[in-house]
Amino acid sequence: MFNIECNYQTKINKENEFIARVKTNQKICINTINAYGDKFKDLNELMTLINCKDGKTHHHPLTGPIYIKEAMPGDVLKVHIYKIEVKEMAQSLSKTAGIEPLENPEIAERIPVISEKCSEKEISYTNGIKLPYKPMIGMIAVSPTIENIKTGHAQKRNGGNLDIPFVTEETDIYLPVDVEGAGLYLGDVHGLQGYGELSGIAMEASSKVIIDVEVLKPRKKLDNIIIIGKEPFSKKECIGIVGIGNKMNLEEAVLDAFQGSYNVLQQCIPTMSQNMVKSLITLIGNSFNGQAFSKTSESTNVIVISKEDLQKVTKNKYEKLSKEIEKILFEEKGK
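Residues numbered from 1 in each chain as written. Predicted model: local features only at pLDDT ≥ 70, side-chain atom pairs only at ≥ 80, totals over all residues. Heavy atoms only, no water.

### Structural notes on the overall build of the protein chain
Counting its regular elements, the protein chain contains five helices and 20 strands. For the protein chain, whose C-alpha radius of gyration is 19 Å, the value lies close to the compact-globule estimate of 20 Å for 335 residues. Taken over the C-alpha atoms alone, the protein chain extends approximately 60 × 40 × 40 Å along its principal axes. Of the contacts made within the protein chain by residues no fewer than 6 positions apart, 74% connect residues no fewer than 24 positions apart. Side chains of the protein chain carry 42 positive and 44 negative charges; the gap between the two charge centres is 4 Å. (Helix = DSSP H or I, 4+ residues; strand = E, 2+ residues; numbered from the N terminus. Rg over C-alpha atoms; globule rule 2.2 N^0.38 Å. Contact = heavy atoms within 4.5 Å. Lys, Arg positive; Asp, Glu negative; His and termini not counted. Charge placed at Lys NZ, Arg CZ, Asp CG, Glu CD.)

Rendered as structure tokens:
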């Protein structure tokens, strides 16, 4: 298996030198570093990273960009996530992120907690608490054409700091491509996070992520990232359409996801008017926050529709949701 080490990238842009070139349908292992900036063994090392006291590390380092052969502007990059294996992980409260960030906190007020995996289904927390192990990728992006996206931030179409728990194992992520080679970035893996990341910092982890990629050609221009797979909250097979707002603007993120949702759903039901599709989404769509609020990054949202409800409104049977959606949204290969 092709192995790619983390290069601690701090910016997402088209000028960065590619660190690897991969073929489509080639299984690869991408190593990532936790959002604190580097590996740690104890609370002292963790707090040094949190406070950026060593002068060397940068929060939210990424692995990338990765050149995907055959990917061209206008294409869509499909990333299938096979496995996310977490390594060291920890959580603390934030001075800038979350609904209620701390103001000038002392070290103790950050309540740093180092956690570890204690089984394939659980992680140890604090005070003897065991929590579910639900690894997910916080940051996934492709290179933008003009804007420079700092790590920890996100941009419409290109992605970045989504912090959406749906980006997890055995899901397919579809990212609109704007530059030759796509320029794929991964990082900010979490061992566990609820929707909204309400306190601003989840169970931040270094990881090994096993993926493969495919290049697809959309029938119509795609402006939103799409996720298809088993959504972790409902545990149902679903399609999710991602929305990204400007800094601290969750309303804009929800609007972006909603507009993307009715554009996608209307391709599934071409005989139905756009306004009727909007009404349908109100009945069967569920809106979840990703990064709900942060002083330093953009808000994100995902509108989720289950396969069961999609089958009812389209009157089609979807044996394999991703494959059936691909037939609708993308051109057949070889054409």
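### Remarks on the packing of aromatic side chains
Evaluated as defined, the whole model comprises six aromatic pairs. Judged by centre distance (5.0 Å) and plane angle (85 degrees), the rings of Phe-18 and Tyr-67 are edge-to-face. Residue Phe-18 is located in the loop between strand E2 (11-12) and strand E3 (20-22), and its partner Tyr-67 is located in strand E5 (residues 62-68); the two are separated by 49 residues in the primary sequence. With a relative accessible area of 26%, Phe-18 lands in the partly exposed category. Centre to centre, the rings of Tyr-195 and Phe-288 are 4.4 Å apart; their planes meet at 20 degrees, and the pair counts as stacked. (Phe/Tyr/Trp six-rings, centres within 6.5 Å; stacked < 30°, edge-to-face > 60°. Buried < 20%, exposed > 50% of the residue type's maximum accessible area, 1.4 Å probe, protein only.)

### Examining unusual backbone geometry
The phi torsion of most residues other than glycine is negative, and most of the peptide bonds are trans. Cis geometry marks the peptide bond from Gly-64 to Pro-65, where omega comes out at 0 degrees. Relative to the helices and strands, Pro-65 resides in strand E5. Even without being glycine, Ala-182 reaches a positive phi, approximately 70 degrees. Looking at where Ala-182 falls in the secondary structure, it is placed in strand E15 (residues 182-190). Judged by relative accessible area, which is 0%, Ala-182 ranks as buried.

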